[in-house]
Amino acid sequence: MKPGLELRGVSAGYAGTTVLRDVSLTVPAGSVVALLGPNGAGKTTLLNVASGVLAADAGTVWLADADVTAEASYRRAARGLCHVPEGRGIFPSLTVRQNIALHVAPRDEQVAISLAVDAFPVLGRRLGQLAGTLSGGEQQMLALTAARVRRPEVVLLDEVSTGLAPQVIDEIFAFLASLAAAGASLLVVEQYVARALALADYVYILRNGGVAFVGEPAELTDESVFAAYLGTTTTVPVGA
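Bear in mind that the values here come from a model prediction, so they are computed numbers and not experimental data.

A word on the sheet that holds strand β1 (residues 3-14)
Moving on, step 1. A sheet is described by the order of its strands in space; here 4 strands give the open sequence β2-β1-β4-β5, paired in antiparallel fashion. Two strands in the sheet have a free side with no partner beyond their single neighbour: β2 (17-28) and β5 (66-67).
Moving on, step 2. The pairing of β1 with strand β4 (residues 58-63) spans 5 bridges and is classified as antiparallel. Note that in β4 the partner of L5 across the bridge is L63.
Moving on, step 3. Where helix α1 (residues 43-51) meets the sheet, its contacts fall on β1, β2 and β4, and the angle it forms with β1 comes to roughly 115°.

What follows is the structure, encoded as structure tokens:
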């Protein structure tokens with residue numbers, strides 16, 4: 001299948017410390033890839049390299065057929081990549097409406113508001129409210145509206161369920177499923193492994209900065225496999 005996003009032989013890190021070592025990963029167009037691994041494996045670093053937040057020390061990054069390794073993050077966004085980082089990527093001092101409007105041209109603001117409210121109806125009752133006064137779940141919903149209103153082709157999602165109530169997590173995963181059904185390519189870093197596997201077409205597991213496993217979710221049903229790659233003996237984490 002044609003790749004939506006591809007990393008080829010990427011190495012990267014911070015302040016002289018290597019985090020990723022010769023990592024290659026492909027998100028086929030229109031598919032969902034779960035990126036799993038223990039803490040410190042390099043998952044967030046990989047998303048940062050893919051989006052251009054962090055420059056690769058070696059290797060290349062491709063969006064569709066374009067080598068974007070040297071491009072800034074805003075240019076990658078213009079090509080159809082959306083990165084939803086961990087930790088509520090919103091502007092708390094702006095209203096909900098203003099946060100949504102930032103993702104589009106002024107002429108498209110009303111369409112964007114409609115798309116966002118259709119995705120998360122609770123935001124329709126909060127448009128004039130400062131984003132920083134929303135609940136944690138509402139803030140995460142607001143952050144995720146970028147993945148709808150910008151109509152991206154590739155979406156990177158970093159631990160978007162962290163610290164949320166089960167009902168909110170259900171809404172967010174239903175939203176991610178709707179993005180996938182609409183044809184977006186998703187690369188999902190997620191603490192709730194069972195949720196990620198239920199959504200994914202393919203799975204990559206990082207360990208010590210390298211790719212330890214590539215396959216399909218059905219290949220990760222054995223507890224011994226989980227123990228080997230993720231350091232756990234259960235396939236269903238608490239809260240999944």
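Quick look at the confidence of the model for the protein
Moving on, step 1. The pLDDT averaged across the protein works out to 92; a share of 92% of its residues lies at or above 70.
Moving on, step 2. This model gives residues 234-240 a pLDDT under 50, and the stretch forms 16 contacts once residues within four places in sequence are excluded.

Description of the side chain of N48
Moving on, step 1. Structurally, N48 can be placed in helix α1.
Moving on, step 2. A relative accessible area of 14% means that N48 is categorised as buried.

Considerations on the packing of aromatic side chains
Moving on, step 1. Applying the stated criterion across every chain yields a total of 1 aromatic pair.
Moving on, step 2. Residue placement shows R8 over the ring face of W62; its charged tip is 4.1 Å from the ring centre.

What about the pattern of salt bridges?
When the charged atoms of two side chains lie near each other, side chains of opposite charge can form a pair.
Moving on, step 1. A complete count under the given rule lists 5 salt bridges for this structure.
Moving on, step 2. Between R79 and E71 there is a salt bridge, and its shortest N-O distance comes to 2.7 Å.
Moving on, step 3. Classification of R79 by relative accessible area gives partly exposed; the value is 41%.
Moving on, step 4. Between E109 and R97 there is a salt bridge; the shortest N-O distance is 3.9 Å. One end of the pair, E109, is in helix α4 (residues 109-119); the other, R97, is in helix α3 (residues 96-101), and 12 residues separate them in sequence.
Moving on, step 5. Note on E109: relative accessible area 26%, which makes it partly exposed.

Calculation criteria
Residues numbered from 1 in each chain as written. Predicted model: local features only at pLDDT ≥ 70, side-chain atom pairs only at ≥ 80, totals over all residues. Heavy atoms only, no water. Pairing = 2+ DSSP bridges. Helix = DSSP H or I, 4+ residues; strand = E, 2+ residues; numbered from the N terminus. Contact = heavy atoms within 4.5 Å. Axes fitted to C-alpha atoms, helices over the stretch in contact; angles between N-to-C directions. pLDDT = per-residue confidence, 0-100. Buried < 20%, exposed > 50% of the residue type's maximum accessible area, 1.4 Å probe, protein only. Phe/Tyr/Trp six-rings, centres within 6.5 Å; stacked < 30°, edge-to-face > 60°. Lys NZ or Arg CZ within 6 Å of the ring centre and 35° of its normal. Salt bridge = Lys/Arg side-chain N within 4 Å of Asp/Glu carboxyl O.

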